Amino acid sequence: MAVHTIAIIGGLVTDLLTIADRVPDRGETITSTRFSTHHGGKGANSAVAAYRLSHNNPKNSGHTPVMGGETQVRMIGAVGADEFGPPLKEKLTASGVNTDGIRVVKDQPTGVGVVLVEEDFGENRILFHPGANYDLLPSEFTTLASLAGGVKPDLLISQLELRRETIEQVIETASREGIDVLLNPAPASYLMPRIYRMVTHLIVNETEAVMLSPSDIDRQDGWANVGNYFLRLGVKNVVVTLGAQGAYYLNESGGGYVEAEKQCIVVDTTGAGDTFVGAFAAQYIQQMNTQGWDIKLAVEYACKASARTIEHVGCLDPIPWADEVNIPRASLDADKTKDMA
């Protein structure tokens, strides 16, 4: 069986999640309804998503890979030597991710995301402190070996929870080595324009798409003009995720919209984007080794996978396996009720 590798160089974070009826106004204190701590970070979440969405749930079908061969996922990042860092690394290992490339930094805390979730809509606001994530420097990522422990990955995923200069160097090295790159530029930050021509897949949400494209682009007719802007910069595949409106995709073969999953109970949207990235990556590897690339199918799959994640609280644990993508929470709840009757 062929073995494919996805490498993620990105953020490792502990999420401090608070759920309240609404977000407080300036100078206001309100009482939340729930508080919990979760393993997360865009790098960690997308790594687990890429692995799970390349495999079926071992509880259901013996941990079998989906069609297209075995996919291994390797995580490169940094955590602090505090109460959060080592458990986060252990969690990723237990989730099937290779963590040999995760550094434990003694003099830095693990990155932290303070997440505020509005209960009625599941919408979130996040305050991010990078901590140990900023310990990774550009000079460390100038060789193929630095990207995935000596294994040439089929796809490299990165976001912007590391230093911007580090991510730019990662992308340059990957491009030089002929490795496809998926970039999710979040939190949104300016990138050197030359970087985009090295990006195979660009996945942005609405806010990031607006921030990273010129302000004079006409968006009244949808997202085609924004997509074409990134294509002109050299990106091969562009996806703009639109929350409850689904997603827009564009490449040289054409573009269009994919509706969001309708059978979905929204609880917490925090991990939606990272699940989308991991699902899209899993589909890319599978398609490139079977029927060939179809961006629309990948976006449809990613929308469905994201819907399963936002039906639960947290980022990492709710991410579905491949054989769970088509099972909405409402169906599971109905099955549980039937079993109890």
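Since the structure is predicted, the reported quantities are computational estimates derived from the model, not experimental observations.

Asker: Provide a residue-level description of the sheet that holds strand E7 (residues 124-129), including the pertinent values.
Answerer: Strands sit in the order E3-E2-E6-E7 across an open sheet of four strands; the sheet is mixed. This sheet does not close on itself; its edge strands, each paired only once, are strand E3 (34-40) and E7. On average, each strand axis in the sheet is tilted by 20° relative to the strand beside it, whichever way the strands run. Where strand E6 (residues 111-118) lies against E7, six bridges are found, and the strand directions are antiparallel. Pairing of glycine 113 across the sheet is with phenylalanine 128, part of E7.

Asker: Talk me through the nonpolar core; I want residue IDs and the actual numbers.
Answerer: Counting 45 residues, the largest nonpolar core has Leu92, Val239, Phe276, Phe280 and Val299 as its most contacted members. Going through the elements one at a time, strand E1 (3-9), helix H1 (42-52), strand E4 (70-80), helix H3 (85-94), strand E8 (155-158), strand E12 (247-251), helix H9 (272-288) and helix H10 (295-309) are the ones with two or more residues in this core. No other element matches H9, which puts eight residues into this core. Within the second largest apolar cluster, 38 residues are counted, among which are Ile179, Leu202, Ala209 and Val240.

Asker: How would you sum up the UniProt feature "binding site: ATP" (unreviewed entry) in the chain? Please name residues and give values.
Answerer: UniProt records the feature "binding site: ATP" (unreviewed entry) for Asn205, Thr241, Leu242, Gly243, Ala244, Gln245, Gly246, Gly273 and Asp274 in the present numbering. Within the secondary structure, glycine 246 is located in the loop between strand E11 (237-241) and E12. Glycine 246 gets classed as buried once you look at its relative accessible area, which sits at 5%. Apart from the residues within four sequence positions on either side, glycine 246 is in contact with Thr241, Val258, Glu259, Ala260 and Cys303.

Asker: Summarise the pattern of salt bridges; cite the residues concerned and give the values.
Answerer: If you walk through the whole model with that rule in mind, you get 15 salt bridges. Salt bridges here are not isolated pairs; linked through shared partners, they connect Glu261, Lys304, Arg308 and Glu311.

Rules of the game
- Residues numbered from 1 in each chain as written.
- Predicted model: local features only at pLDDT ≥ 70, side-chain atom pairs only at ≥ 80, totals over all residues.
- Heavy atoms only, no water.
- Pairing = 2+ DSSP bridges.
- Helix = DSSP H or I, 4+ residues; strand = E, 2+ residues; numbered from the N terminus.
- Axes fitted to C-alpha atoms, helices over the stretch in contact; angles between N-to-C directions.
- Core = buried A, V, L, I, M, F, W, Y, C linked by side-chain atoms within 4.5 Å.
- Buried < 20%, exposed > 50% of the residue type's maximum accessible area, 1.4 Å probe, protein only.
- UniProt positions renumbered as here; feature names shortened; annotations may be inferred.
- Contact = heavy atoms within 4.5 Å.
- Salt bridge = Lys/Arg side-chain N within 4 Å of Asp/Glu carboxyl O.

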